[in-house]
Amino acid sequence: MALKTLIFSFLVLSFHTLTTAATADQPSFFVRSIDREMTEKKENYSHFRFYWQDIVGGANATSIPIIESIPKFNLTSTFGLTRVIDNALTVGPNRTSKLVGRAQGFYVSTSQTEYDFLMIQTFVLFEGVYNGSSITFLARNPINEKVRELPVVGGVGRFRFAKGICSC
Amino acid sequence: MALKTLIFSFLVLSFHTLTTAATADQPSFFVRSIDREMTEKKENYSHFRFYWQDIVGGANATSIPIIESIPKFNLTSTFGLTRVIDNALTVGPNRTSKLVGRAQGFYVSTSQTEYDFLMIQTFVLFEGVYNGSSITFLARNPINEKVRELPVVGGVGRFRFAKGICSC
Amino acid sequence: MALKTLIFSFLVLSFHTLTTAATADQPSFFVRSIDREMTEKKENYSHFRFYWQDIVGGANATSIPIIESIPKFNLTSTFGLTRVIDNALTVGPNRTSKLVGRAQGFYVSTSQTEYDFLMIQTFVLFEGVYNGSSITFLARNPINEKVRELPVVGGVGRFRFAKGICSC
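Not measured: the values here are computed from a predicted model.

**Quick notes on the pairing of strand β5 (residues 46-53) of chain B**
Residues and elements named next belong to chain B.
- Counting buried positions over the eight residues of β5 gives eight, a clear majority of the element.
- Relative to strand β7 (residues 82-90), β5 runs antiparallel, the two being bridged by three bridges. Its bridge partner being in β7, Tyr51 is matched across the sheet by Thr90.

Written out as structure tokens, the structure reads:
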């Protein structure tokens, strides 16, 4: 059982920009206070949508088991199965449609009774101003439920301090 | 060494409700802005308490190793040991007390000198209005310390944008 | 390929202190509301800097493989390789400089084409008022890029409700 192609649609609710003075020539320190005036704050609400391509077999597999499922659950929920992924994120459902980013991380089958995956991954984007920015997820994905949400737990680049919800 | 039964008591400090217009019949897009007026914001402070049942052996084990500890640490801190879990969350300390949810995820033994587990898991709840809502944790759990805290890093459903602290 | 010594410089933007009445003698409950007046809120902006010592071999290794890389990627990106760590955090670049904390967790090689590690770890600090407090990270670390950022996704102790960015 693999997840195959999923649409990820995510709402990013806010992020802030933080600027600090250069510290390169400062003496070594463990902790110091930051002047709050040195921070700038901006909020943006955006909605992204793209396709997550989970290629689980063949010469070009991008989703590969690193831990096999516990034998007792091999034929049912695949409890314990863990796949590492470097999946394409594309603008359309076809694998050959425009690549907008990659999903890197892993997912673990964490139910003894149904297909339910704990997904730990980063979406790094390549498009325009988002090039190099990434969003981090940590959430269960009970794939037989119609509506599933995954919380965004962090981000960097354009997504610094992002909060959000990802639906798939 | 296993964690066995722990009381998890967690404080959820806030969450927001976000509503957006249906997007099903929209043409494909990668990113768009969201009208801030489309979001509603509510905050709730709640305190949950339940028992986490880590059954590590027997025919009904719900906590099963997927990676063994590094041999050098087998008899001490179990460094490297990783267990996948689908543990019951119950209202009381007995395994047979009312089931209020499940803890799904895994934990990794991450100290060379003491019992200290990095816990990556989702608590999905079944009770009343919380049915299907979940909270995600990512934290170390140094089990020989009296007071331990685990940060809530995300949530969905009733726990969208949750912040919180879990004590165990 | 291992990460070796990295400087971690992180900005912690805010945290709150939450106090609640003792609950020890209360009857069992699943959920209850919290009086918002019982919470106190403080914000602090701080900048920490220290060195992360990834000792990958020898008798004193603190970073040890628990999953080997997928054979096809052994000699390139080490896709799939997973190391559990209990690394020293030191105030200076030398391993023998003052120990200020430990980095506990693991990292997974998550790219098929470059060295890019998903890092899931907690930094627990020992210094002064920070003793026992910890910060949790979840982020990709594309080690050949000049500037890398890792989002702080949670914290406990002094870092309750922390937000922040870690550069390395």
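On we go from here.
**Description of the side chain of Asp116 of chain C**
- With respect to the secondary-structure elements, Asp116 of chain C resides in strand β9 (residues 116-125).
- There is a polar contact of 2.7 Å between the side chain of Asp116 of chain C and the side chain of Arg140 of chain C.
- Once residues within four sequence positions are removed from consideration, Asp116 of chain C is found in contact with Gln104 of chain A together with Val108, Ser109, Thr110, Ser111, Arg140, Asn141 and Pro142 of chain C.

**Comments concerning the packing of aromatic side chains**
- By the definition in use, this model includes 27 aromatic pairs over all chains.
- Both rings, one in Tyr130 of chain B and one in Phe159 of chain B, keep their centres 5.6 Å apart while their planes meet at 10°; by these two values the pair is stacked. Here Tyr130 of chain B is found in the loop between β9 (116-125) and β10 (134-142), whereas its partner Phe159 of chain B is found in the loop between β11 (149-156) and β12 (163-167), with 29 residues between them in sequence. Taken as a pair, Tyr130 of chain B and Phe159 of chain B share a single burial class, namely buried.
- Ring pairs connect the aromatic residues Phe48, Tyr130 and Phe159 of chain A, which therefore count as one cluster.

**Remarks on the environment of Ser111 of chain A**
- Mapped onto the secondary structure, Ser111 of chain A falls in the loop between β8 (99-109) and β9 (116-125).
- As a C-alpha pair, Ser111 of chain A and Pro142 of chain A span 31 residues in sequence and 9.0 Å in three-dimensional space.
- With near-sequence residues (within four places) excluded, Ser111 of chain A lies in contact with Ser77, Phe79 and Asp116 of chain A together with Asp86 and Gln104 of chain B.
- Here Thr113 of chain A takes part through its backbone nitrogen, which lies 3.0 Å from a polar atom of the side chain of Ser111 of chain A.

**Let's talk about the environment of Glu114 of chain B**
Residue and element names in this part refer to chain B.
- Turning to its location among the elements, Glu114 is positioned in the loop between β8 (99-109) and β9.
- Taking the C-alpha atoms as reference, Glu114 lies 7.3 Å from Thr76; in sequence the two are 38 residues apart.
- When sequence neighbours within four positions are dropped, the list of residues in contact with Glu114 reads Ser77 and Arg140.

**Remarks on unusual backbone geometry**
Residues and elements named next belong to chain A.
- Notably, Thr78 is not glycine yet its phi reads approximately 60°, a positive angle.
- When you line up the elements, Thr78 lands in the loop between β6 (63-67) and β7 (82-90).
- Residue Thr78 is classed as buried on the basis of its relative accessible area of 6%.

**Quick notes on the confidence of the model for chain A**
- Of all residues in chain A, 74% have pLDDT values of 70 or greater, and the mean over the chain is 80.
- Per-residue pLDDT stays below 50 along residues 13-27 of chain A; that stretch engages in 48 contacts with residues further than four places along the chain or on separate chains.

**Here's the deal with the nonpolar core**
- Membership of the largest hydrophobic core comes to 42 residues, with the highest contact counts inside it found for Ile120 of chain A, Ile120 of chain B together with Ile120 of chain C.
- The residues contacting Ile120 of chain A, other than those within four sequence positions of it, are Gln104, Gly105, Phe106, Phe137 and Leu138 of chain A, Phe106 and Ile120 of chain B together with Leu118, Ile120 and Leu138 of chain C.

**Considerations on the pattern of salt bridges**
- What the rule picks out here adds up to twelve salt bridges over all chains.
- Taking the shortest distance from any N to any O, the salt bridge between Glu149 of chain C and Arg160 of chain A comes out at 2.3 Å. With one member in each of two chains, Glu149 of chain C in strand β11 (residues 149-156) and Arg160 of chain A in the loop between β11 (149-156) and β12 (163-167) form a pair that bridges those chains.
- By relative accessible area, Arg160 of chain A is classed as buried at 13%.
- Here Asp116 of chain C makes a salt bridge to Arg140 of chain C, at a shortest N to O gap of 2.7 Å. Highlighted residues: Asp116 of chain C in strand β9 and Arg140 of chain C in strand β10 (residues 134-142), separated in sequence by 24 residues. Arg140 of chain C matches Asp116 of chain C in its accessibility class, with the two residues each being buried.

**Quick word on the pairing of β9 of chain B**
All names here are of chain B.
- Burial within β9 is extensive, with ten of its ten residues counted as buried.
- Going residue by residue along β9, you find Asp116, Leu118, Ile120, Thr122 and Val124 tucked away on one face and Phe117, Met119, Gln121, Phe123 and Leu125 tucked away on the opposite face as well.
- As paired elements, β8 and β9 share nine bridges and run antiparallel to each other. Its bridge partner being in β9, Arg102 is matched across the sheet by Val124.
- Linkage of β8 to β9, two consecutive antiparallel strands, is achieved through a turn of six residues.

Scoring rules and cut-offs
Residues numbered from 1 in each chain as written. Chains lettered and ligands numbered in written order. Predicted model: local features only at pLDDT ≥ 70, side-chain atom pairs only at ≥ 80, totals over all residues. Heavy atoms only, no water. Buried < 20%, exposed > 50% of the residue type's maximum accessible area, 1.4 Å probe, protein only. Helix = DSSP H or I, 4+ residues; strand = E, 2+ residues; numbered from the N terminus. Pairing = 2+ DSSP bridges. Polar contact = N/O pair within 3.5 Å; in protein donor to acceptor, adjacent residues only side chain to side chain. Contact = heavy atoms within 4.5 Å. Phe/Tyr/Trp six-rings, centres within 6.5 Å; stacked < 30°, edge-to-face > 60°. pLDDT = per-residue confidence, 0-100. Core = buried A, V, L, I, M, F, W, Y, C linked by side-chain atoms within 4.5 Å. Salt bridge = Lys/Arg side-chain N within 4 Å of Asp/Glu carboxyl O.

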